[in-house]
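# Notes for the structure review
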Amino acid sequence: AEMLHGVEAAIAEEANFVEASLIELDDHLTNIKRGSLYEVAEDMDPGYVGDRSFRVMFLRGNRYDAKAAADQILRFFELKHQLFGKGSLVKDITINDLDEDD
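Residues numbered from 1 in each chain as written. Predicted model: local features only at pLDDT ≥ 70, side-chain atom pairs only at ≥ 80, totals over all residues. Heavy atoms only, no water.

### What about the overall build of the protein?
Looking only at helices and strands, one finds five helices and zero strands in the protein. Counted from the first residue to the last, the protein has its helices and strands arranged as α-α-α-α-α. Relative to its 102 residues, the protein shows a buried fraction of 28%. Within the structure as shown, the protein displays about 7,100 Å² of accessible surface, and the carbon and sulfur contribution to it stands at 51%. (Helix = DSSP H or I, 4+ residues; strand = E, 2+ residues; numbered from the N terminus. Buried < 20%, exposed > 50% of the residue type's maximum accessible area, 1.4 Å probe, protein only. Areas by Shrake-Rupley, 256 points an atom, 1.4 Å probe, with all protein chains shown as cover.)

Right, here's the structure in full:
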């Protein structure tokens, strides 16, 4: 494959960076999840909380600061539980989950 101005190399480097950030995020989550609603959600549906695009969303939102992303994920599940209850921890919230007061 031919490289034009190093674009292919940049894409590969970016993919490696994202993967390394995901590993770092997983390490932070492992260290801070004990007793959290994140851990409850993980027990309910590991695929939901471990979904790559779900985790990347938090990494991007925190400029790939894995510790900040991990902290935000824990806060996300706390707030989701507070607003929608335990049954909604591992499902995407839709307009149908809201009532007229929302």
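What follows continues from the structure just given.
### What to know about the nonpolar core
One finds Leu 25, Leu 29, Tyr 38, Ile 73 and Phe 77 to be the most contacted residues of the largest nonpolar core, which totals 21 residues. Sorting the residues of this core by element identifies helix H1 (7-32), helix H2 (37-44), helix H3 (46-49), helix H4 (52-61) and helix H5 (66-84) as the ones contributing at least two each. Sorting elements by how many residues they give to this core places H5 first, with six residues. Apart from residues no more than four positions distant in its own chain, Tyr 38 is found in contact with Leu 29, Lys 33, Val 49, Arg 55, Ile 73, Leu 74 and Phe 77. (Core = buried A, V, L, I, M, F, W, Y, C linked by side-chain atoms within 4.5 Å. Contact = heavy atoms within 4.5 Å.)

### Considerations on the environment of Leu 89
Tracing the backbone through its elements, the reader meets Leu 89 in the segment after H5. Between the C-alpha atoms of Leu 89 and Met 44, which are 45 residues apart in sequence, the distance is 8.5 Å. Apart from the residues lying within four places of it in its own chain, the contact partners of Leu 89 are Leu 37, Val 40, Ala 41, Met 44, Tyr 48, Phe 77, Lys 80 and His 81.

### Observations regarding the packing of aromatic side chains
Going through the model one piece at a time under the given rule, you end up with eight aromatic pairs. Judged by centre distance (5.8 Å) and plane angle (65 degrees), the ring pair of Tyr 38 and Phe 77 falls under edge-to-face. A residue pair is termed long-range when its members are at least 10 positions apart, and Tyr 38 in helix H2 and Phe 77 in helix H5 qualify at 39 residues. With respect to burial, Tyr 38 and Phe 77 carry one shared label: buried. A relative accessible area of 0% means that Phe 77 is categorised as buried. Members of the aromatic cluster, joined through ring pairs, are Tyr 38, Tyr 48, Phe 54, Phe 58, Phe 76 and Phe 77. (Phe/Tyr/Trp six-rings, centres within 6.5 Å; stacked < 30°, edge-to-face > 60°.)

### A look at unusual backbone geometry
With the exception of glycine, the majority of residues adopt a negative phi angle, and the majority of peptide bonds are in the trans configuration. You will see that Arg 63, though not glycine, has its phi angle at about 50 degrees, which is positive. Along the chain, the position of Arg 63 falls in the loop between H4 and H5. Positive phi, normally seen in glycine, also occurs at Tyr 64, with a value near 60 degrees. Within the secondary structure, Tyr 64 sits in the loop between H4 and H5. By relative accessible area, which is 23% here, Tyr 64 ends up partly exposed.

### Comments concerning the side chain of Asn 62
Tracing the sequence through the fold places Asn 62 in the loop between H4 and H5. At 2.9 Å, the side chain of Asn 62 forms a polar contact with the backbone oxygen of Phe 58. The contacts of Asn 62, once residues within four sequence positions are left out, are Ala 68, Ala 69 and Gln 72. (Polar contact = N/O pair within 3.5 Å; in protein donor to acceptor, adjacent residues only side chain to side chain.)

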